[in-house]
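# Structural characterization, general
Here is how the chains run, residue by residue.
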Amino acid sequence: MDLLSGTYIFAVLLACVVFQSGAQEKNYTIREEMPENVLIGDLLKDLNLSLIPDKSLTTPMQFKLVYKTGDVPLIRIEEGTGEIFTTGARIDREKLCAGIIVDTRCFYEVEVAVLPDEIFRLVKIRFLIEDINDNAPLFPATVINISIPENSAINSRYALPAAIDPDTGINGVQNYQLIKGQNIFGLDIIETPEGEKMPQLIVQKELDREEKDTYVMKVKVEDGGFPQRSSTAILQVSVADTNDNHPVFKEDEIEVSIPENAPVGSSVTQLHATDADIGENARIHFYFSNLVSSMAKRLFHLNSTTGLITVKEPLDREESPNHKLLVLASDGGLMPARAMVLVNVTDVNDNVPLIDIRYIINPINGTVVLSENAPLNTKIALITVTDKDADHNGRVTCFTDHEVPFRLRPVFSNQFLLETAAYLDYESTREYAIKLLAADAGKPPLNQSSMLLIKLKDENDNAPVFTQSFISLSVLENNSPGTQLTKISATDADTGRNAEIHYLLGIDAPSEFNLDHRTGILTAVKKLDREKQEKYSFTVLAKDNGMPSLITNATVLVTVLDQNDNSPVFTHNEYNFYVPENLPRHGTVGLITVTDPDYGENSAVTLSILDANDDFTIDPQTGVIRPNISFDREKQESYTFYVKAEDGGRVSHSSTAKVTINVVDVNDNKPVFVVPPSNYSFELVPPSANPGTVVFTVVAIDNDTGMNAELRYSIVGGNTKGLFMIDQTTGNITLKEKCVLADLGLHKLIVKAKDLGQPDSLFSVINVNLFVNESMTNATLIYELVRKNIETPVTQNIETTDTSSPSSDYVKIMVAIVAGTITVILVIFITAVVRCRQSPHLKAAQKNKQNSEWVTPNPENRQMMMMKKKKKKKKHTPKNLLLNFVTIEEAKADDADNDRNAVTLDLPIELEEQTMGKYNWGSTPTTFKPDSPDLARHYKSASPQPAFQIQPETPLNSKHHIIQELPLDNTFVGCDSISKCSSSSSDPYSVSECSYPVTTFKTPVSVHTRLTDSRTSTIEIYSEI
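This report concerns the structure included in the present document.

### Let's talk about unusual backbone geometry
The omega torsion of the bond from Leu115 to Pro116 falls at 5°, within 30 degrees of zero and hence cis. In this structure, the amide linkage connecting Lys443 to the following residue, Pro444, adopts the cis form with an omega of -10°. Tracing the chain through its elements places Pro444 in the loop between β30 (431-440) and β31 (447-457). A positive phi angle, near 65°, is found at Asn377, a position not held by glycine. Looking at where Asn377 falls in the secondary structure, it is placed in the loop between β25 (367-371) and β26 (379-386). Despite not being glycine, Asn478 shows a phi value in the positive range, around 65°.

### Concerning the packing of aromatic side chains
Applying the stated rule across the entire model yields 15 aromatic pairs. Taking the centre distance of 5.9 Å and the plane angle of 25° together, the rings of Tyr28 and Phe127 count as stacked. One end of the pair, Tyr28, is in strand β1 (residues 23-31); the other, Phe127, is in strand β7 (residues 121-130), and 99 residues separate them in sequence. For Tyr28, a relative accessible area of 9% puts it in the buried group. Their ring planes at 75° and their centres at 5.5 Å tell us that Phe616 and Tyr639 sit as a pair that is edge-to-face. Placement of Phe616 in strand β46 (residues 616-618) and of Tyr639 in strand β48 (residues 638-647) is noted, with a sequence separation of 23 residues between them. Tyr639 shares its class with Phe616; the two are buried. Chaining the aromatic ring pairs together yields one cluster made of Phe616, Phe631, Tyr639 and Phe641.

### Considering the pattern of salt bridges
Applying the stated criterion across every chain yields a total of 24 salt bridges. For Arg409, the salt bridge is made with Glu419, and the minimal N-O distance between the two is 3.2 Å. Remark: Glu419 occurs in strand β29 (residues 415-420) and Arg409 occurs in strand β28 (residues 406-412); sequence separation between them is 10 residues. Given the relative accessible area of 1%, Glu419 is considered buried. We note a salt bridge from Arg530 to Glu534, for which the minimum N-O separation is 3.9 Å. Arg530 sits in the buried class, given a relative accessible area of 8%. You can call Glu534 partly exposed: its relative accessible area is 33%.

### Describing the environment of Ala819
Relative to the elements of secondary structure, Ala819 occurs in helix α6 (residues 809-837). Taking the relative accessible area as the measure of exposure, Ala819 reaches 15% and is therefore buried.

### Comments concerning the nonpolar core
Grouped together as the largest cluster of nonpolar side chains are 29 residues, with contacts concentrated most on Phe249, Phe300, Ile309, Leu325, Val327 and Val341. Put simply, the parts of the chain that give this core at least two residues each are β16 (253-259), β19 (285-288), α4 (294-299), β20 (300-302), β21 (308-311), β22 (322-330) and β23 (337-346). The element best represented in this core is β23, accounting for 6 residues. Residue contacts for Val341: discarding those within four places in its chain leaves Ile254, Val256, Thr269, Leu271, Ile309, His323, Lys324, Leu325 and Val327.

### Let's talk about the state of the cysteines
Applying the stated criterion to the full structure yields 1 disulfide. Paired by a disulfide, Cys97 and Cys106 hold their sulfur atoms 1.5 Å apart. Residues Cys97 and Cys106 are joined by a disulfide whose S-S torsion is about 80°; by sign, that bridge is right-handed. Like Cys106, Cys97 is buried.

### Re helix α5 (residues 779-791)
Compared with the 18 Å implied by 1.5 Å per residue over 13 residues, the 19 Å span of α5 between its first and last C-alpha is a close match. Along α5, the positions that sit buried rather than exposed are Ile782, Val786, Asn789 and Ile790. Within α5, the buried residues cover an arc of 100° as seen down the axis, which keeps them to one side.

### Some words on the sheet that holds strand β43 (residues 590-591)
If you trace the 3 strands from one edge of the open sheet to the other, you get β43-β47-β46, paired in antiparallel fashion. Each edge of the open sheet is held by one strand with a lone partner, namely β43 and β46.

### Regarding the pairing of β22
Counting buried residues along β22, 7 of its 9 residues qualify, which places the element largely inside the surrounding structure. In this structure, β19 lies alongside β22, joined through 4 bridges in antiparallel fashion. Bridging across to β22, Phe288 finds its partner in Val327. Across 8 bridges, β22 lies against β23 in antiparallel orientation. What sits directly across from Leu328, in β23, is Arg338.

### Describing the sheet that holds strand β6 (residues 107-115)
One open sheet holds the 4 strands; their spatial order is β1-β7-β6-β3, and the pairing between them is mixed. Edge positions in the sheet fall to β1 and β3 (62-66), since each has one partner strand and no second. Pairwise comparison of adjacent strand axes, ignoring direction, gives a mean angle of 30° for this sheet. Where β3 meets β6, 5 bridges bridge the pair, whose relative direction is antiparallel. What sits directly across from Lys64, in β6, is Ala113.

What counts and what doesn't
- Residues numbered from 1 in each chain as written.
- Predicted model: local features only at pLDDT ≥ 70, side-chain atom pairs only at ≥ 80, totals over all residues.
- Heavy atoms only, no water.
- Helix = DSSP H or I, 4+ residues; strand = E, 2+ residues; numbered from the N terminus.
- Phe/Tyr/Trp six-rings, centres within 6.5 Å; stacked < 30°, edge-to-face > 60°.
- Buried < 20%, exposed > 50% of the residue type's maximum accessible area, 1.4 Å probe, protein only.
- Salt bridge = Lys/Arg side-chain N within 4 Å of Asp/Glu carboxyl O.
- Core = buried A, V, L, I, M, F, W, Y, C linked by side-chain atoms within 4.5 Å.
- Contact = heavy atoms within 4.5 Å.
- Disulfide = S-S within 2.5 Å.
- Expected span 1.5 Å × (residues − 1).
- Arc of directions from axis to C-beta.
- Pairing = 2+ DSSP bridges.
- Axes fitted to C-alpha atoms, helices over the stretch in contact; angles between N-to-C directions.

Put into structure tokens, the structure is as follows:
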């Protein structure tokens, strides 16, 4: 096991070493005359390529046979598997290795390139051609004549011409047979030192020329191949007279050298032979043996008389470097003498080197086409340089004549790989004519050159380039469809299809534009409107026709220039403004908003009132409408006129809108109670009345109109037992539950009547006295109880409809039990305590207060009192608004004595608040009804105007005086009937709080009221001096 592992590791290392060297040799043995498609070997296995470590190959492994153009290869290689097969060409050993005498081994050589470049190697394959018995041995002539002297002794031997067989080894001549020897002659075979078998005729019986002078026989020659081949020749033996001495050469073997450029007729060598006989038997005749090759006989001449060998034809060492001349010397006898002359032809530098180009990349019409993206070390061709000369004369070097991005890398002693040595660029050089030079080392050296043409194939390695990466252009709006805007241009450094450019619009390009694919002309296919879109920014693409194609983009910015093609546009065709009748002269009625989609002077709009209307003015730029008159709704309820808007274009455009100004009523009257007529009246309620019975109806009237005169009733004080309830619309006071014994007596209800006027509602309060009893026997006593009840503080909350809750059933039962016994005592006690605590001047102040302010306020009174209870966190009123206000300040009980001189009222704070309720004589004009359009929203977004403030322009003592502030957004909005609105809001239906300007009353008077919980509130009343 260890031995096998070691062998495997050694094989892997050997494969790696061979792989790194880049060149290998491999030997195979094949027989001649093999049929087509016979598997000879497998290079993948035989070269151990499977043991090479895995590499990342760009392309699969490939085996490529490298052979000279025009040659017919004897083998073929499967490029994908490396398997070697025979082809249809005949493998003839005798033809391939003709003229070889000394060395009987016959080889056929080819080169194979292993690709790709990552594992490239060049493999030289040598095929040893094995001989087969495809040739029969043949005698030099079909008739062999031989002369034998008659005195030949028995067993005398006479040489016969040897047969020639082109095959070698066992397939060559192996045996001779004598046919019909007549027992007179026999045949023997001897083997020469060179291994040749020579036939000899043996005399077996004595000859007698006079008895028979001629013998005719057959000689058969056989080889040793399978199947065996043979031939025959006629042997004719003549019996001659006796010559008993044989010629003898002075030297049996002679070796001479002669330069290959020796001229014809030059002497090669002189042979010398002697014969002991005399006369004709001593005359020696020299001739070449029939074993001498035909080439040698053609090149050399042997003088048959003198034995001088001379050059017959020009010699060529490259054709045959040595020749064997077997010379025979005969005196006419049967046994000629033999001498071997070995002629060595010495080299002369008479051959120029040869350059053999075998292409790895197949040429097209003699030119190699190579991609410009070919990587470094791309193999192009195998260059083989040869020189038929020997030694230094045959040592050849190969190189190129100038600097090119290619190099010759040696792989064998006389072979070079032509490969790329630098990156190629079709755009800089499109083709190369490489001159290959080969020079030998002779003196003087001989050289040869050959041209190799390489054309680069253009690859799409250059993207198109725009002449401008950012293209900005402008065009007037309202253009004609198809208007040419510009021509977009790009270039490509490639050629052919790779340089053909197509222009495309990017995916972000709008449909208004079109780009001609071929010319690059950008056109506007639609009519452009600057008011819809002023600028277009999109991408254009330049795409070449390469595979794969390359794309470059550029940005196009199209600016649409304005034309005065739009008239001014009012936000509404008709405007309706609602203003209060107390709006001052030159106040603000409303705002007209106009837009013009054009740009610059074309959009500068000027407003004017048509038909010379002097009642109103309009600001030409802001659109604010102001009155030049004072409004009186009773005289005229509405005004109508037309407003013209004209732009500043060279050819101006204009439009008109209708304006209607409606004068609306002002809520300037408080409700006035009709029933009951005063706070001191009362109504009898029988205790037997059922729940839901209407026990009294409150009636109040309001001199205003519309919502300002619509009233709502509520119980805001008294009703401590929750026995009664009031209908807020009709004013009907109904019994809430069945009366019990404890409910007998006088019940005081504080009823509030509030109108629904805008922007501020007004209200009044009154006492409703209900006497629960079966009958009214003493009216004087009841009036006294009413008077005392009015003077007694009652807990009430004007802002809350019902604050008291009914007593529990248990309390009612207890009160009913003790009511009869302690009612009178309790009333007397409370009355006495109240009378003791009240001072005379306080009572007088209370009476004045009740007589002047408790009852419904006088609508003609210009003084306005507003009580506002301070809290920890106050709302801040806008600085530019003048407010009437009543401030209530609360103090602890221990601070009540700090201001002894103040007037103290025992009335409840809530009652006084409601009774003295807030009234605002000023109001803000409204520019719309609840269903009218919202002008503010459009104005804020389309026509911003600078904020401005309208200052009072009429005296403070004017009847309808109001100080009004224009909202920041220049839009006038009104309030609905149930909420207050913000002056900055553009939504007429939003619910929020707002403050309205009122006249300020400046003279302060302090009035202190005493609460039942010993807390003191200060009421500051400001009145105008």
